[in-house]
Amino acid sequence: MKKTLAFVLVLVLVLGLFAGCGAKETEVYEFTLSMHDPKTTPNAIYMQSWIDKVYEVTEGKVKITLYDNSTLSAATDIGVKVAEGAVDIGWLYTSYYAGQFPLADVINLPFQGFGDPIVSTNVLWDLYGEYDKMQEEWGDYKLLMLYGNPGMMFASADAPITSVADLKGRSMRCPAGAITDLLTTWGANPIPMPPPEVYESIEKGVISGYIFEPSGITNFSLEEVTSYYTDLPMYDGPFALIMNMDQWNSLPKELQDAIDSISGKEASLGAAQAFADAVNVARDDIVAAGGEFVTVSDEAKAEFAVAADEYAAKWSQQQSVDGFDAAAFLAKAKELAVSYGG
């Protein structure tokens, strides 16, 4: 009787162990991903393709649902919401977080050689791999992607912008960061504003122009209320795909490894390429809507560059703290950009 009871107890324990293993192996992890772009944009389409790959490489154990058009979080809040866990994964534009990602924002410095998304993405990942201080900027998150957008340029509703003088007194929508200070230096009135608010602001006369990249213009139908586009890519804006660290750490290592295998630099370059491919389509759509691309003389470019170079020097001084040489960091970024064809 005792032997039978012992056998039954062992059998129960073994079956329980197998049942527990089976539950763990079949557990599905579900996460949210928030973007401020609409689902139909190249950025969101690329992100959905990455989500599909995550599902594939994790054999269905990680499911991510994309929420577009700021339905879960405004672009200006996503960093906080991901850090706090209100959103699991977020698409973050660093220019909305002035001072929080200063080293990634090196490609945000106008007229310093950053105007191509592929070049800037390579630069960002090389710098990220070399500088611990840059890695520390992202320490609150699991960094899944980091890449640059196409070159940002002036656009206006009423008159072309081809010189510093054309900016005098003009109210211009812009992201936060370096360009805000430079617009002030050039005599304009900068108004930081997320993309979904730009269309109505132009219609109401709150602004007469803005700074954006071509596909962003068509993503939000701004070609309908804009007439002139300055063919002068000034800088790239860094985008990142970030994940809440607690949620990331909730995943078994094999699932983390699977996601890492389709993220990082290669995925970032894919996102940058999707951005770049969208530019030519956007330019065609802008012209079809009656938009005019205008050029800038070498003399005017030099005038823009004077203030931009002064700002870059000031930026280097501000970021050179605790023994960090930001001037050397900027020089390295510019050297890398040249090496990648920038």
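This text goes with the structure placed above it.
Computed from a predicted structure; not experimentally measured.

> Explain the nonpolar core to me, and be specific about the residues and the numbers.
With 93 residues, the main nonpolar core has Trp50, Trp138 and Trp186 as its most contacted residues. In terms of residue count, helix 12 (residues 298–319) provides more of this core than any other element does, 7 residues in total. Counting residues in hydrophobic clusters, the runner-up holds 15 residues, among them Ile207, Leu222, Val225 and Phe293.

> Run through the side chain of serine 34, naming residues and quoting values.
Inspection of the secondary structure puts serine 34 in strand 1 (residues 29–34). For serine 34, a relative accessible area of 2% translates into the label buried. Setting aside chain neighbours within four positions, we find serine 34 in contact with Tyr67, Leu72, Ser73, Ile78, Val87, Ile89, Gly90 and Trp91.

> Describe helix 10 (residues 253–260), listing the residues and the values that go with them.
Restricting attention to buried positions, one finds in helix 10 the residues Leu255, Gln256, Ala258 and Ile259. Viewed end-on, helix 10 has its buried residues packed into an arc of 160°, placing them on one side of the element. Along helix 10, exposed side chains directed more than 90 degrees from the buried face belong to Lys253 and Glu254. Taken together, the buried residues of helix 10 touch strand 1, helix 2 (42–57), strand 2 (62–67), strand 4 (141–148) and helix 9 (245–249).

> Go over helix 4 (residues 117–130), please, and point to the residues and values.
Under the 1.5 Å per step criterion, the end-to-end length of helix 4 is 20 Å for 14 residues, consistent within 8% with the ideal 20 Å. Summarising burial for helix 4: 10 of the 14 residues are buried, a large majority. Within the sequence span of helix 4, burial applies to Pro117, Val119, Ser120, Thr121, Asn122, Val123, Leu124, Trp125, Leu127 and Tyr128. Packing partners of the buried residues in helix 4 comprise helix 5 (132–137), strand 4, strand 10 (238–244), helix 11 (264–288) and helix 13 (326–339). Its side-chain oxygen 3.0 Å from the backbone nitrogen of isoleucine 118, aspartate 116 forms the N-cap of helix 4.

> Hey, could you go over the sheet that holds strand 10 for me, with residue numbers and the actual values?
Read from one edge of the open sheet, 5 strands run 2-1-3-10-4, paired in mixed fashion. Of all the strands in the sheet, the pair left with one neighbour each is strand 2 and strand 4. Averaged over neighbouring strand pairs, the angle between their axes works out to 20° when direction is ignored. With 7 bridges connecting them, strand 4 and strand 10 associate as antiparallel partners. By the bridge assignment for strand 10, leucine 146 is matched with alanine 240. Running over the sheet, helix 2 touches strand 1, strand 2, strand 3 (89–93), strand 4 and strand 10 and is turned about 165° from strand 2. Most of the contacts of helix 4 go to strand 4, to which it runs at about 140°, and overall it touches strand 4 and strand 10.

> Could you give an account of the sheet that holds strand 6 (residues 171–174), naming the residues involved and the relevant values?
Strand order across the open sheet formed by 6 strands is 7-6-8-5-9-11, with mixed pairing between neighbours. For this open sheet the edge positions go to strand 7 (189–192) and strand 11 (292–294), each flanked by a neighbour on one side alone. In this sheet, neighbouring strand axes are inclined to one another by 25° on average, regardless of whether the strands run parallel or antiparallel. Across 4 bridges, strand 6 lies against strand 7 in parallel orientation.

> Give a detailed account of the pairing of strand 6, specifying residues and quantitative values.
Because side chains alternate across strand 6, one face comprises the buried residues Ser171 and Arg173, and the other comprises Met172 and Cys174, equally buried. One crossover worth recording links strand 6 to the parallel strand 7 by way of helix 6 (residues 178–185), and it is right-handed. Where strand 6 and strand 8 (residues 209–212) come together, 2 bridges link them in parallel fashion. The residue bridging arginine 173 from the neighbouring strand is tyrosine 210, located in strand 8.

> Quick one: what's the story with the pattern of salt bridges, residue by residue and with numbers?
Summed over all chains, the structure comprises 6 salt bridges. The closest approach of N and O atoms between aspartate 260 and lysine 142, which form a salt bridge, is 2.9 Å. Here aspartate 260 is found in helix 10, whereas its partner lysine 142 is found in strand 4, with 118 residues between them in sequence. Since its relative accessible area comes to 35%, aspartate 260 is described here as partly exposed. Measuring nitrogen to oxygen at the nearest pair gives 2.9 Å for the salt bridge that ties arginine 170 to aspartate 158. In this pair, arginine 170 sits in the loop between strand 5 (153–156) and strand 6 while aspartate 158 sits in the loop between strand 5 and strand 6, placing the two residues 12 residues apart along the sequence. Taking the relative accessible area as the measure of exposure, arginine 170 reaches 9% and is therefore buried.

Criteria and thresholds
- Residues numbered from 1 in each chain as written.
- Predicted model: local features only at pLDDT ≥ 70, side-chain atom pairs only at ≥ 80, totals over all residues.
- Heavy atoms only, no water.
- Core = buried A, V, L, I, M, F, W, Y, C linked by side-chain atoms within 4.5 Å.
- Buried < 20%, exposed > 50% of the residue type's maximum accessible area, 1.4 Å probe, protein only.
- Helix = DSSP H or I, 4+ residues; strand = E, 2+ residues; numbered from the N terminus.
- Contact = heavy atoms within 4.5 Å.
- Arc of directions from axis to C-beta.
- Expected span 1.5 Å × (residues − 1).
- Polar contact = N/O pair within 3.5 Å; in protein donor to acceptor, adjacent residues only side chain to side chain.
- Pairing = 2+ DSSP bridges.
- Axes fitted to C-alpha atoms, helices over the stretch in contact; angles between N-to-C directions.
- Right-handed = clockwise from strand over helix to strand, strands pointing away.
- Salt bridge = Lys/Arg side-chain N within 4 Å of Asp/Glu carboxyl O.

It is worth stressing that arrangement in space is one thing and function is another; only the former is reported here.
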